[in-house]
Amino acid sequence: MAGQGTQRRDILKMLAYASAAAHFPGFSRWAYGGTGHMEHPSSNTAIRPGSYSPQFLNPAQYALLALLTDIILPPENNSGDMRSAGAVQAGVPEFIDFMLVHDPAIQYPFRTGLTWIEARSSELYQKPFLALSEDQRAKLLRPLAYSSEFKPGQEDGRAFFKLLRKYTVIGFYTSRTGMEQLGSPGLKFYAESPGCPHPDDPEHNHLPVPLT
Amino acid sequence: MSKSDYDVIVVGTGAGGGMAIKCLCDAGLKVCALDAGRRLDPTKDFRHHRQPYDMPFRGMGDPKTRAQSYGYMDNEYVAGVWEHEIGYSSAAGTDWQWPRCFNVGGKTNFWGRSSARMGDIDFKAATLDGYDVDWPVSYAEIDPYYSRVENLIGVASTVQNRPSNPDGHYLPPINLRCFDHILASSATRLGIPYLPDRIAQLTVPHNGRPACHYCGNCTSGCDVGAFFSTPWVFLPSSEKTGNLELRQHALAKNILVDADGQAKGVLYVDRITHQEVEVHARVVVVAASCVESAHILLNSTSPHWPTGIANSSGQLGRNLCDHLYGNAGKGYLPQLFGQPIYPDSVSSSTIVWMPRWQNLDNPHQERFIRGYSVYPEGGSVDFPVEYDQIEGFGLEYKHEIKRRHPAPVHFTLQAPSLRSEKNYVDIDPEKRDVYGIPMVRVHFEWDENALLMWEHAKQSCEAIIRGAKGEYLGAGDAPETPGYSLHETGTARMGNDRDKFVTNRFGQTHDVHNLYLCDASVFPYCTDKTTTLSILAFTMRTCDYMIENFRTGVHQRV
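Conventions adopted
Residues numbered from 1 in each chain as written. Chains lettered and ligands numbered in written order. Predicted model: local features only at pLDDT ≥ 70, side-chain atom pairs only at ≥ 80, totals over all residues. Heavy atoms only, no water. Helix = DSSP H or I, 4+ residues; strand = E, 2+ residues; numbered from the N terminus. Buried < 20%, exposed > 50% of the residue type's maximum accessible area, 1.4 Å probe, protein only. Contact = heavy atoms within 4.5 Å. Areas by Shrake-Rupley, 256 points an atom, 1.4 Å probe, with all protein chains shown as cover. Rg over C-alpha atoms; globule rule 2.2 N^0.38 Å. Lys, Arg positive; Asp, Glu negative; His and termini not counted. Charge placed at Lys NZ, Arg CZ, Asp CG, Glu CD. Core = buried A, V, L, I, M, F, W, Y, C linked by side-chain atoms within 4.5 Å. 1 Å grid on protein atoms, 1.4 Å probe; cavity = no way out; pocket = protein on both sides within 12 Å on 5 of 7 lines; lining within 4 Å. Points joined across faces, edges and corners; volume = space filled by probe spheres on them. Nonpolar A, V, L, I, M, F, W, Y, C, P; charged D, E, K, R; others polar. Expected span 1.5 Å × (residues − 1). Pairing = 2+ DSSP bridges. Axes fitted to C-alpha atoms, helices over the stretch in contact; angles between N-to-C directions. Salt bridge = Lys/Arg side-chain N within 4 Å of Asp/Glu carboxyl O. Left-handed = near helix turned anticlockwise from the far one by under 90°. Phe/Tyr/Trp six-rings, centres within 6.5 Å; stacked < 30°, edge-to-face > 60°. Lys NZ or Arg CZ within 6 Å of the ring centre and 35° of its normal. Polar contact = N/O pair within 3.5 Å; in protein donor to acceptor, adjacent residues only side chain to side chain. pLDDT = per-residue confidence, 0-100. Parallel < 35°, antiparallel > 145°, perpendicular 65-115°, else oblique.

Draft legend 1. Local environment of the overall build of chain A. When you go through chain A residue by residue, the secondary structure sums to 8 helices and 0 strands. The helix and strand sequence of chain A, counted from the amino end, reads α-α-α-α-α-α-α-α. Within chain A, the fraction of its 212 residues that count as buried is 54%. Here the contacts in chain A between residues at least 6 apart in sequence split such that 67% fall between residues at least 24 apart. In the structure as shown, chain A presents an accessible area of about 9,600 Å², 56% of it carried by carbon and sulfur atoms.

Shown next, in the form of C-alpha cells:
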C-alpha cells in the first residue's frame, strides 16, 4: 500500500468526518463553472436554476450560517464573478445544511453553536448578529479564531467556530471555484510527469518573488 | 484419484492469483479461477476522473457505509467495491483493520504500486542479526524472477546501487517535484537516501499498454491499465488461451480432500444463489491473500487434517507480520510559500522513497534490528490539507491558505513487525459470517522493535524538515491501526523443515503435495519493502516448479 497517496489519503480521512446522501438540491451551486478545469460530461456540472430551501436549519439559522461562512471565506471582491466567489456563492451553506441532514453527529454542535453566536451578539450589542456592523462581527469572532485573543469562558464558542471553519473549508475547497481559486491543478492529464521546473536550484533558494 | 474437471483451481485473482492464472494458462493447463467478488467495470466502478463536486458526497461516500468504511481507499470514488458483507473477528486487545477487496483483480486494482526488490539483507536477516529464521531462498535464485516480473509489468525507477535494495530493470522514473529537491538536499546532508521509488506505473508505453496520463487518482483505479493490475495485465491474455474459466461471486469455503487427505478441489459459496458448489481439480492454488488464505486452510478440517489442511506443523495461521504505518513527521517548506501551484499529486503516489538506511553495515548499530523505509509526499494537492495550522478567518485567512498550498510535506513510515508468538490468526470458535462460515480471528499487537523504528523515524524526519529550513509541525500521535498497510505476511511460512513450516521453498505445502500457496502467506516475515512485487516473483517461481511437476508426472493432467 505504499504510495497510496498519503495526501489524498489524509484528505479523504478528513472529509470522511462529514458525510451525506444523494440528490442534494444545492448541487447546482457547487458545480457552477469557472475556467481552467477540464470539462466534464457529468450532468452535475450544468447550472440549474432555482433557489435553495434549507433542509435541516430553519431560515434564521440558515441566514446566520450563510453569513458566517462568507465571513470565514469571503469573495475576493464585489464583482460577483464566480472566479472570485466566497463561501456563499460557492454553495457552502447548502453543503453544510446537507451534511447536517445526513450526519447526526454534527447536528447538536451546529444548532447550539449558532445559538451561542446569537446569544453572544445580544450580550455584546443587544442586536442579532446579522444586524451588526462588520467591525462588531469581527470583534465577536476574533476571540474564537485567534488563540492570542481568546477569553476564558468562551470555550463553547471557540469549539463551534473551529467546527464551522472546518466545514466551510471543506465545502469551499471541494467546490469548483474553490479549487480554481486555490490554483489546484485538479484533474488534468499530462503527457509526461510534470516535475519541478527549477531542478538546477535544488535547494530552491533562488525562486521568483512570491505571489502576494 | 477422483475425477477432476480442471488441472488447477486458483483461489483468488489478485497479484498472486493473477500471476498463477497467467503462468498456468500459458503453460496449457486448464484453470478454474475463483473470486469472491465480481469483475469490475472501469467505466462504472472507477470514478477517478471525477472532481469532488461531481459526486453526491464529494468523494467522501455515503454516511451509511462511511461508518463501516475501511479508511481512505474505501470511498466514493470506488463505492461498492470494498468487501463489507463478510465479517472477521479480532481477539480481545487486538485492534485490526482488514480492508479487503473481494473483486476480480483484488487489491491490484487500487494498490500503491511501490515495487522494490527484496535482497539477501532481507532473506538472510536471521544470519545477520540472529533473530528468527532466514528465507529458504537466496537472492541469486529469485533475481531472474524479479527481472521477468519487471519486464512484464513495467516498473519506473533508477539504478541506485544500494546494498539493501537490489536494482532491477526500470523504465524512466517519474520526475521529482520542488519539495522533493529541497528535502533530498537536506536528507543527503544527513546521510539519508532520498530517491525515486520503484513504481509499477508506466512512464512510457510498455507491452501494448499506454503510458500514464498522470490524472493523479491511481488508488481509485485506472481506466487505461497504465499501472499494473491483474485485470489489465494478466487476465485478457489468459482468457485468450482458452484455458481459463473465471467464476465470480465464488467465496471459497474450504479445500476438499480425497481419501488420502490430498486436495481434490474447493467448496465455495455462490454469493448470488447462496448455494454451495464443489469444483474439482488435480492441483489447488490458494492465493486469497495472507489472512484469507490461512482462513480457508484452517476451515478445511477433515479426519486427515483435524486442525486445518496441511497443518501438521501447527504453524498454519501463526507468525503474522505486518507493516507499521504512521505519519513520521510533517511540516512546511517556507521556500515554496506563495510560489505558483504545480501538479504535485499527479500519481497519487509516493513518487519518491527513503529506502532503508539503518543497520546496513552493522546489524546491531541501532537499538532495533532490521530497518524501515519512509515515503515522503507533499506539495500542492487537491485540498489544503493543513488549513487548520492557520488561525483566523476572512480574506487574510483565505490568502494564507493559498500562499501555503505549495509547501506542505509529509512522511509515511513503513516499518516491518518482527515475527512473534503473539501475532497469529485462528478460527473464531463462535462467530460465523453471513454464509455460515466460521470467521477468522486476528491476534495482533506491535512489537517493541517496530515501535523503536517508529521513534527513530520520527527523529529522522524532523531532522530532514528542519535541515531543509522547514517549519516542523510534529508527527502522528500513534501508528496506524495494524492491518492498515495491507501488507500482511506469514501464516503459512515457507521453509525446509516440515515440522516448523507449512510450505516448502516453492510454496507447496509439506503435507499436501498438490496444494500450493501463492501470496504473502508464505513469506517468513515482512521487510522494509512492499509485498506485491515479491508475491509476483515468488508466484512465478512456484508456477515454474508446479508446471515442471505436471511435466514429469508428479501431478497428472485431467
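Draft legend 2. Quick peek at the overall build of chain B. Tallying secondary structure elements over chain B gives 13 helices and 16 strands in all. What you see for chain B is a C-alpha radius of gyration of 23 Å, in line with the 24 Å of a compact globule of 558 residues. Here the C-alpha coordinates of chain B stretch approximately 75 × 55 × 50 Å along the principal axes. The buried share of chain B, reckoned over its 558 residues, is 70%. On chain B, the mean spot of the 53 positive side-chain charges and the mean spot of the 65 negative ones are 3 Å from each other.

Draft legend 3. Molecular detail of the nonpolar core. Phe110, Ile117, Phe129 and Leu141 of chain A are the most contacted members of the largest nonpolar core, which has 196 residues in total. Apart from residues lying up to four places away in sequence, Leu141 of chain A is in contact with Leu68, Ile71, Ile117, Phe129 and Phe161 of chain A together with Phe393 of chain B. Listed in part, the 10 residues of the second largest apolar core include Leu40, Val78, Val81 and Cys101 of chain B.

Draft legend 4. Representation of empty space enclosed by the protein within the structure. Residue and element names in this part refer to chain B. Taken as a whole, this structure holds 11 cavities of 30 Å³ or more when the rule is applied. Of the voids in this model, the largest cavity is the one considered here, and its volume is about 600 Å³. What lines the largest cavity is a set of 43 residues, among which Gly14, Gly106, Lys107, Ala288 and Ser289 lie closest to the centre. Looking at the lining of the largest cavity residue by residue, the class counts come to 22 nonpolar, 15 polar and 6 charged.

Draft legend 5. Region of interest: helix H6 (residues 134-145) of chain A. Helix length check: H6 of chain A, at 12 residues, gives a terminal C-alpha distance of 16 Å against a target of 16 Å (1.5 Å per residue), a fit within 8%. Along H6 of chain A, the positions that sit buried rather than exposed are Gln136, Arg137, Leu140, Leu141, Pro143, Leu144 and Ala145 of chain A.

Draft legend 6. Structural view of the sheet that holds strand E12 (residues 408-416) of chain B. Residue and element names in this part refer to chain B. The strand order across the open sheet built from 4 strands is E11-E12-E9-E15, with neighbouring strands paired in antiparallel fashion. Edge positions in the sheet fall to strand E11 (373-378) and strand E15 (471-474), since each has one partner strand and no second. Each neighbouring strand pair of the sheet contributes to a mean axis angle of 25°, computed without reference to strand direction. The sheet contact formed by strand E9 (residues 323-332) and E12 spans 9 bridges and is antiparallel. Bridge pairing links Gly331 to Val409 in E12. Against the sheet, helix H12 (residues 448-467) makes contact with E9, E11, E12 and E15, and its axis sits at roughly 20° relative to E9, the strand it touches most.

Draft legend 7. Up close: the pattern of salt bridges. Residue and element names in this part refer to chain B. For the structure shown, the criterion picks out 40 salt bridges over all chains. Ionic pairing is found between Arg441 and Asp426, a salt bridge with its closest N-O pair at 2.9 Å. Of this pair, Arg441 sits in strand E14 (residues 438-443) while Asp426 is found in strand E13 (residues 424-432), placing the two residues 15 residues apart along the sequence. By relative accessible area, Asp426 is classed as buried at 18%. Here the salt bridges do not stand alone but share partners, grouping Glu400, Arg403, Arg404 and Glu471 into one network.

Draft legend 8. A look at the side chain of Ser229 of chain B. Along the chain, the position of Ser229 of chain B falls in the loop between strand E4 (195-196) and helix H8 (230-233). Sequence-distant contacts of Ser229 of chain B, that is, excluding residues within four places in its chain, are made with Thr108, Asn109 and Phe234 of chain B.

Draft legend 9. Representation of the pairing of strand E7 (residues 263-270) of chain B within the structure. Residue and element names in this part refer to chain B. Counting buried positions along E7 gives 7 out of 8 residues, so the element sits mostly inside the fold. Strand direction decides the pairing type here: strand E6 (residues 250-257) and E7, joined by 7 bridges, are antiparallel. Note on E7: the bridge partner recorded for Asn254 is Leu267. Connecting the antiparallel pair E6 and E7 is a turn made up of 5 residues, with Gly261 showing a positive phi of about 80°.

Draft legend 10. Expanded view of the packing of helix H1 (residues 15-26) of chain B against helix H13 (residues 532-552) of chain B. Residues and elements named next belong to chain B. Two numbers describe how H1 lies on H13: the axes approach to 9 Å, and their chain directions differ by 35°. Judged by the sense of rotation from one axis to the other, the crossing of H1 with H13 is right-handed. Where H1 abuts H13, its residues Ala15, Gly16, Met19, Ala20, Cys23 and Leu24 lie against Thr532, Ile535, Leu536, Thr539, Met540, Cys543, Met546 and Ile547. Class assignment of the residues belonging to the contact of H1 with H13 gives a composition of 11 nonpolar, 3 polar and no charged.

Draft legend 11. Local environment of the packing of aromatic side chains. Residue and element names in this part refer to chain B. Summed over the entire model, instances satisfying the criterion amount to 27 aromatic pairs over all chains. Seen from their ring centres, Phe123 and Phe538 are 6.1 Å apart, and the 75° between their planes marks the pair as edge-to-face. Of the two residues, Phe123 sits in helix H4 (residues 120-123) while Phe538 sits in helix H13, which places them 415 residues apart along the sequence. For the pair shown, Phe123 and Phe538 are each scored as buried. Summarising the aromatic geometry, the rings of Phe506 and Tyr545 are spaced 4.1 Å apart at their centres and angled 5° between planes, so their arrangement reads as stacked. Taken as a pair, Phe506 in the loop between E15 and strand E16 (515-517) and Tyr545 in helix H13 lie far apart in primary sequence, 39 residues in all. An aromatic cluster of at least three residues, connected via ring pairs, comprises Phe123, Trp135, Phe523, Tyr525 and Phe538. Over the face of the ring belonging to Phe102 we find Arg100, whose NZ or CZ atom lies 5.6 Å from the ring centre.

Draft legend 12. Looking closely at unusual backbone geometry. Residues and elements named next belong to chain B. Positioned with a positive phi, Arg113 is a non-glycine residue whose angle comes to about 75°. Among the structural elements, Arg113 can be located in the loop between strand E3 (89-90) and H4. Residue classification places Arg113 among the buried residues on the basis of a relative accessible area of 0%. A positive phi angle, near 65°, is found at Asp132, a position not held by glycine.

Draft legend 13. Structural view of the environment of Glu150 of chain B. Residue and element names in this part refer to chain B. Along the polypeptide, Glu150 turns up in helix H6 (residues 139-153). Separated by 83 residues in sequence, Glu150 and Val233 place their C-alpha atoms 12 Å apart. Polar side-chain contacts of Glu150 include one of 3.0 Å to the backbone nitrogen of His169.

Draft legend 14. Highlighting the environment of Leu182 of chain A. Mapped onto the secondary structure, Leu182 of chain A falls in helix H8 (residues 176-182). We classify Leu182 of chain A as buried; its relative accessible area is 1%. Residues Leu182 of chain A and Phe150 of chain A, spaced 32 residues apart in sequence, show a C-alpha to C-alpha distance of 29 Å. Once you skip the residues sitting within four places of it in the chain, Leu182 of chain A turns out to touch Tyr173 of chain A together with Ile341, Pro384, Ile401, Lys402 and His405 of chain B.

Draft legend 15. Structural view of the confidence of the model for chain A. All names here are of chain A. Per-residue confidence for chain A averages 79 on the pLDDT scale, and 74% of its residues sit at or above 70. Confidence drops under pLDDT 50 across residues 1-11; counting only partners more than four residues distant or on other chains, this segment forms 57 contacts. Contacts for the low-pLDDT stretch residues 13-50, under 50 throughout, to residues beyond four places or in other chains number 108 contacts.

Draft legend 16. Representation of the packing of helix H4 (residues 92-102) of chain A against helix H5 (residues 104-125) of chain A. Residues and elements named next belong to chain A. Where H4 meets H5, the closest approach of the two axes is 6 Å, and the angle between their N-to-C directions is 120°. Relative to H5, the element H4 lies oblique. Listed contacts from H5 to Ile96, Met99, Leu100, Val101 and His102 of H4 are Pro104, Ile106, Gln107 and Phe110. When its residues are assigned to classes, the contact of H4 with H5 shows 7 nonpolar, 2 polar and no charged.

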